[in-house]
Amino acid sequence: MTTGSGDPGNYAAARLRLLGGEARSGPPRRRALSGLTDTWLASLLGDAGEGIALVAVGGYGRGELSPRSDLDLLLLHTGRDAHEVAALADRLWYPVWDLGIALDHSVRTPPEAERAAAGDLRVQLGLLDARHIAGDPQLTAALRTRMLARWRTGAHRLLPELREASLERARRHGELRFLLEPDLKEARGGLRDATALRAVAASWLADAPREGLDEAHRTLLDVRDALHLTTGRATDRLALQDQDQVAAALALEDADALLRRVYEAARVLSYACDVTWREVDRVLRARRPGLRRARRPAERTPLADGVVVQDGEVVLARTARPERDPVLPLRTAAAAAQAGLPPSRPALRRLAAATPPLPVPWPAEAREEFVTLLGAGEAAVGVWEALDAEGLVTAWLPEWERVRCRPQRNPVHRWTVDRHLIETAARAGAHVRRVRRPDLLLVAALLHDIGKGRPGDHSVAGEAVVRDLAARMGFGAADTATLATVVRHHLLLAETATRRDLDDPATVRTVADAVGDTGTLELLHALTEADALATGPAAWSAWRAGLVADLVRRTGAVLEGEAAGAAEEAERREHPAPRPTAGAERLAAQAWRTGGPVLSLRTRAGTPAEADRSDRAGRAGSAEGEADPEPVGVELLLALPDQPGVLPAAAGVLALHRLTVRAADLRAVDPLGEGRVLLLSWRVAAEYGTPPRADRLRADLVRALAGSLDLTARLAERERAHLGRARRYGAGAPPPKVTVAPAGSRLATVIEVRAQDAPGLLYRIGRALEDAGVTVRSARVGTLGANAVDAFYVTGPDGAPLPPREAAGLAAELERALGG
């Protein structure tokens, strides 16, 4: 298409025909508009001779000309007569102004252009996209070559400046994918970030992941084109009142479909920025003079089985075999979130491509790692976003597709549905000490709005979805019912507390009937707060919190008063475990006869692991009929005559050998009627690699009990050796909570410990109880994701439960010891 001459009227008519539908929308129309404008401006310049060039820069230079875009132009000259250059500029600028087109213009020599770029990052970025329009092409080519060379030689200084500018822009304008009225250009994940990624690529230091990036960029440009045409304004803000028209112009169903398309594009761009800037950081760190190494490979620190840390990212170990390990993606994600480190994109892509689907129902290890990921707090959000970008989340939870990037029109909400869900799980991580089942709290927090986007009440729809999903995840019938109840009634407490009369017994009766038991009530209470805090600052207040707490107190009193069989419950707590198996009793008898510890290790398949030869008889006996139907890790049975210090010694030896305790049971038995033998049943898992030999564990345990192995010093030494490395210590986790269980037992005081699982935690608890001079009659230790939920049945020197004041003091002292 040509304008025929430099007549502005001809150009305006041709432009109107083009924008009115003569050319296909999208990239073809943008190319046509840029070409039409080039031809007109070239005719305005005419034959200016050597030493003059008209150059398009910025978005016009890239050919991204939207209907109401500014024209970014540079009149480049070699120092010709000032009056002549001024006349040429007038010949160019005034016709543009006459048509009402916004113009960003400058007149400079090449040295002046370079000096302007040196003092202004935005000028420099614009010149990286310089494109010749008319005049002397060699002048334009020489400037472009010099600007690219300066950009590459100064990249170590300029890229950090560009990143800081991007961060400041994000702070001012927010994240495009979560805004109801987003700025398509300035918000994070918008068009300026696409420009920044081009600049990074031009530096030759790093490049953005290309998959989907061009399409996301085109989507935002197409939406901006439609926005300009429907509003008739040069705006980048997609205002609410314009969204229906823009959606219609793009042949989309409605404004929600428009926002979802914008959010998907912004998600791709945001993730590309995250990956690219991490790579830039890595390259710049390697280039610092004091940190250069003579081609030495980066250090790889083990983090979990098949997972290591390298260059500040979580990557796969060289021995990892994703094609044989369906739980490896979850293990990688959980390790990354707990360590507060990003997972490597190549690692995630390999996992997405090579890992087989999880079995249905999920194995116990998969649930453990899933809950561990969710329980990492804020660190889980970035890891989850990376997993979602690579398609791993929908591989585990196909239902996630319906809520991804789904807008929420309620102005109270600050996030899309999917981001709100993971934010709620992150907030719930701060409340895991308040509930008996932190795993159910975290999963319910992630799934409480999973019914949005489906017909009808999202709570009712979500209940049905969660019943199916929880069963696939391997939760038992009772836990599945609890999750479904929590999702169905996740709005119940807030709505009832703020809209009903709490003094009316019928109000509390209704809530009690819906909730059913105190465990579900405490889950709903914690979820209500986490949900509100993840919604926005207007959704939670001290007034609302007080009303909800009052309702929970009243409902709890009703439920506790109706709890039948309080005596039977106390009796159940005193005998929480079944009678030891015949194999375990034989192991205890052997320990009494030999006077020393006897160990048995069994693998997942129920096959005895390699053990000390002296333990063969006990080991063979312990293997009979004890296979866990769905074990996590390895079963370790330990029997030894009762003596002080057994619990901390055994726990310390396990920690020293990098064995994580998943579950444990301690009890005293009298196998021969001649004296007490302590029987400890452990479910342990190696942090990485294979479990140690049983004979090594036994030898270290003998030394620890004899006092020749200083466990405190060895564990401290191990911790110091890993300072500065990524470790699964749960930084940012809520502090431990230690309480005395009311009416826990008639024969012992029950001390309940809820804390972040960490290497040596059980050793520290055992030491603290030993130092307090109490006797541990039995213990029940459990790990739910990254949370330890333990109960210790203790007595005083006289064998009786502790007096209430002494018990409270013990709990407070233990909490201080764990908190330090």
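Residues numbered from 1 in each chain as written. Predicted model: local features only at pLDDT ≥ 70, side-chain atom pairs only at ≥ 80, totals over all residues. Heavy atoms only, no water.

Here's the deal with the packing of aromatic side chains
Any two aromatic rings considered together are summarised by their centre-to-centre distance and by the angle between their planes. Rule in force here: Geometry of aromatic contacts follows a simple scheme: Phe, Tyr and Trp rings, the Trp one being its six-membered ring, pair when their centres are within 6.5 Å, and the pair is stacked under 30 degrees between planes, edge-to-face over 60, tilted otherwise. Here a helix means four or more residues in a row that DSSP labels H or I, a strand means two or more in a row labelled E, and each is numbered from the N terminus. Partly exposed describes any residue whose relative accessible area lies between the buried limit of under 20% and the exposed limit of over 50%, with all areas from a 1.4 Å probe on protein chains only and scaled to the type maximum.
By the definition in use, this model includes 6 aromatic pairs. On the numbers, 4.1 Å between centres and 5° between planes, the contact of Tyr-11 with Trp-40 is stacked. Taken together, the residues Tyr-11 in helix H1 (residues 8-22) and Trp-40 in helix H2 (residues 27-45) connect sequence positions 29 residues apart. The exposure class assigned to Trp-40 is buried, which follows from its relative accessible area of 0%. With a centroid separation of 4.9 Å and an interplanar angle of 90°, the aromatic rings of Phe-178 and Trp-415 are classed as edge-to-face. Here Phe-178, found in the loop between helix H8 (155-173) and helix H9 (191-203), pairs with Trp-415, found in the loop between helix H18 (400-403) and helix H19 (417-428); they are 237 residues apart in sequence, far enough to count as distant. Trp-415 shares its class with Phe-178; the two are buried. Pairwise contacts between aromatic rings join Trp-362, Phe-370, Trp-384 and Trp-400 into one cluster.

Quick look at empty space enclosed by the protein
The cut-off we apply is this: As defined here, a cavity is a set of points on a 1 Å grid over the protein atoms alone where a 1.4 Å probe fits but cannot get out. A pocket is an open set with protein on both sides within 12 Å along at least five of seven lines, and residues line them when an atom is within 4 Å of a point. Grid points are joined across faces, edges and corners, and a volume is the space filled by probe spheres set on the points.
A full pass over the atoms with the stated rule returns 2 cavities of 30 Å³ or more. Counted as a void, the largest cavity has a volume near 70 Å³. Forming the walls of the largest cavity are Leu-599, Leu-636, Leu-638, Ala-650, Val-653, Leu-654, Trp-682, Leu-697 and Leu-701. Of all elements in the fold, only strand E9 (634-641), helix H30 (646-656) and helix H31 (694-706) reach the threshold of two or more residues within the lining of the largest cavity. For the lining of the largest cavity, the element with the most residues is H30, which contributes 3 residues.

Comments concerning the layout of surface pockets
Empty space among the atoms becomes visible once a probe the size of a water molecule is rolled across them. Which entries qualify depends on this criterion: Three classes are used, and their members are as follows: Ala, Val, Leu, Ile, Met, Phe, Trp, Tyr, Cys and Pro are nonpolar, Asp, Glu, Lys and Arg are charged, and the others, Gly among them, are polar.
In this structure, the second largest pocket spans a volume of roughly 1,100 Å³. The wall of the second largest pocket is formed by 42 residues, among which Gly-58, Asp-72, Arg-122, Lys-185 and Arg-192 lie closest to the centre. Residue composition of the lining of the second largest pocket, grouped by class: 17 nonpolar, 9 polar and 16 charged.

Concerning the pattern of salt bridges
Note the following rule: One speaks of a salt bridge when a side-chain nitrogen belonging to Lys or Arg is within 4 Å of a carboxyl oxygen belonging to Asp or Glu.
Following the criterion strictly, the structure yields 58 salt bridges and no others. Notably, a salt bridge pairs Arg-345 with Glu-211, separated by 3.0 Å at the nearest N-O pair. Within this pair, whereas Arg-345 is found in helix H14 (residues 345-354), its partner Glu-211 is found in the loop between H9 and helix H10 (213-231), the two being separated by 134 residues in sequence. Residue classification places Glu-211 among the partly exposed positions, given a relative accessible area of 47%. Of the charged contacts in the structure, one is a salt bridge between Glu-279 and Arg-282, with a shortest N-O distance of 2.6 Å. In this pair, Glu-279 and Arg-282 are both assigned in helix H12 (residues 255-287), 3 residues apart and thus about one turn of the helix distant. Residues participating in the shared-partner salt-bridge network are Glu-175, Arg-177, Arg-188, Asp-274, Glu-385, Arg-419 and Glu-423.

Some details on the nonpolar core
Using the following cut-off: Throughout, nonpolar core names a set of buried Ala, Val, Leu, Ile, Met, Phe, Trp, Tyr and Cys residues whose side chains join them through atoms within 4.5 Å. Every residue pair with non-hydrogen atoms within 4.5 Å of one another is taken to be in contact.
The biggest cluster of nonpolar side chains holds 89 residues, and the ones touching the most others in it are Phe-370, Trp-384 and Leu-446. For Phe-370, the residues in contact, after removing those within four places along its chain, are Leu-330, Trp-362, Trp-384, Leu-397, Val-443, Leu-446 and Met-473.

Focus: the pairing of strand E2 (residues 71-77)
When a strand is regular, its side chains alternate between the sheet's two faces. Keep this limit in mind: When DSSP finds two or more bridges between two strands, those strands count as paired. A crossover counts as right-handed when, viewed with the strands pointing away from the observer, the path leading from the first strand over the helix to the second turns clockwise.
The element E2 is largely enclosed, with a buried count of 7 among its 7 residues. A two-sided burial pattern is seen for E2, the buried positions comprising Leu-71, Leu-73, Leu-75 and His-77 on one face and Asp-72, Leu-74 and Leu-76 on the other. With 5 bridges joining them, strand E1 (residues 52-56) and E2 adopt antiparallel strand pairing. Of the residues in E2, the one forming a bridge with Val-55 is Leu-74. Here E2 runs beside strand E3 (residues 103-108); their pairing, made up of 6 bridges, is parallel. Note that in E3 the partner of Leu-74 across the bridge is Ser-106. For the segment spanning E2, helix H4 (residues 82-98) and E3, crossover handedness is right-handed.

Observations concerning the packing of helix H6 (residues 121-128) against helix H7 (residues 137-153)
Going by this rule: Angles run from 0 to 180 degrees between N-to-C directions of axes, and those axes are lines fitted to C-alpha atoms, restricted for helices to the stretch in contact. Oblique is the label for every angle not falling under 35 degrees (roughly parallel), over 145 degrees (roughly antiparallel), or within 65 to 115 degrees (roughly perpendicular). Note on convention: near helix rotated counterclockwise from far helix by under a right angle means a left-handed crossing. Clockwise means right-handed.
Packing of H6 against H7 leaves a shortest axis separation of 9 Å and a crossing angle of 125°. For the element pair H6 / H7, the angle class is oblique. Regarding H6 and H7, the two cross each other, and that crossing is left-handed. Side by side, H6 and H7 meet where Leu-121, Gln-124, Leu-125, Leu-127 and Leu-128 of the first sit next to Leu-143, Arg-144, Met-147, Leu-148, Arg-150 and Trp-151 of the second. Looking at side-chain class alone, the contact of H6 with H7 contains 8 nonpolar, 1 polar and 2 charged residues.

Considering the sheet that holds strand E4 (residues 131-135)
If you trace the 4 strands from one edge of the open sheet to the other, you get E3-E2-E1-E4, paired in mixed fashion. Because the sheet does not close on itself, it has two edges, and the strands there are E3 and E4. For this sheet the average axis-to-axis angle between neighbouring strands, irrespective of direction, equals 25°.

Concerning the packing of H8 against H9
Two elements in contact, H8 and H9, have axes separated by 11 Å at closest approach and are oriented at 170°. Between H8 and H9, the angle falls in the class roughly antiparallel. Across the interface between the two elements, Ala-155, Leu-159, Leu-162, Ser-166 and Arg-169 from H8 touch Arg-192, Asp-193, Ala-196, Ala-199, Val-200 and Ser-203 from H9. Per-class residue counts for the contact of H8 with H9 are 6 nonpolar, 2 polar and 3 charged.

Some details on the sheet that holds strand E10 (residues 659-669)
Pairing in this open sheet of 8 strands is antiparallel, and the strands run E8-E9-E11-E10-E14-E15-E13-E12 from one edge to the other. Since the sheet does not close on itself, it has two edges, and those belong to strand E8 (598-602) and strand E12 (737-740), each with one partner. Pairs of neighbouring strands in the sheet enclose a mean axial angle of 15°, with direction left out of account. Pairing of E9 with strand E11 (residues 677-686) involves 8 bridges; the strand directions are antiparallel. Note that in E11 the partner of Pro-641 across the bridge is Val-677.

Quick word on H31
In an α-helix, one full turn covers 3.6 residues, which means residues spaced three or four apart are oriented alike. Threshold: Multiplying one less than the number of residues by 1.5 Å gives the expected span of a helix.
Relative to the 18 Å expected for 13 residues at 1.5 Å per residue, H31 spans 18 Å between its end C-alpha atoms, a close match to the ideal helical length. Among all positions of H31, only Ala-694, Asp-695, Leu-697, Asp-700, Leu-701 and Ala-704 are buried. One or two steps after H31, the chain reaches Gly-707, where phi turns positive at roughly 90°.

Structural notes on the environment of Leu-348
Topologically, Leu-348 is positioned in helix H14. Leu-348 gets classed as buried once you look at its relative accessible area, which sits at 2%. When the C-alpha positions of Leu-348 and Ala-386 are compared, they lie 8.2 Å apart, and in sequence the two are 38 residues distant. Setting aside chain neighbours within four positions, we find Leu-348 in contact with Tyr-271, Pro-343, Ala-386, Leu-387, Glu-390 and Leu-392.

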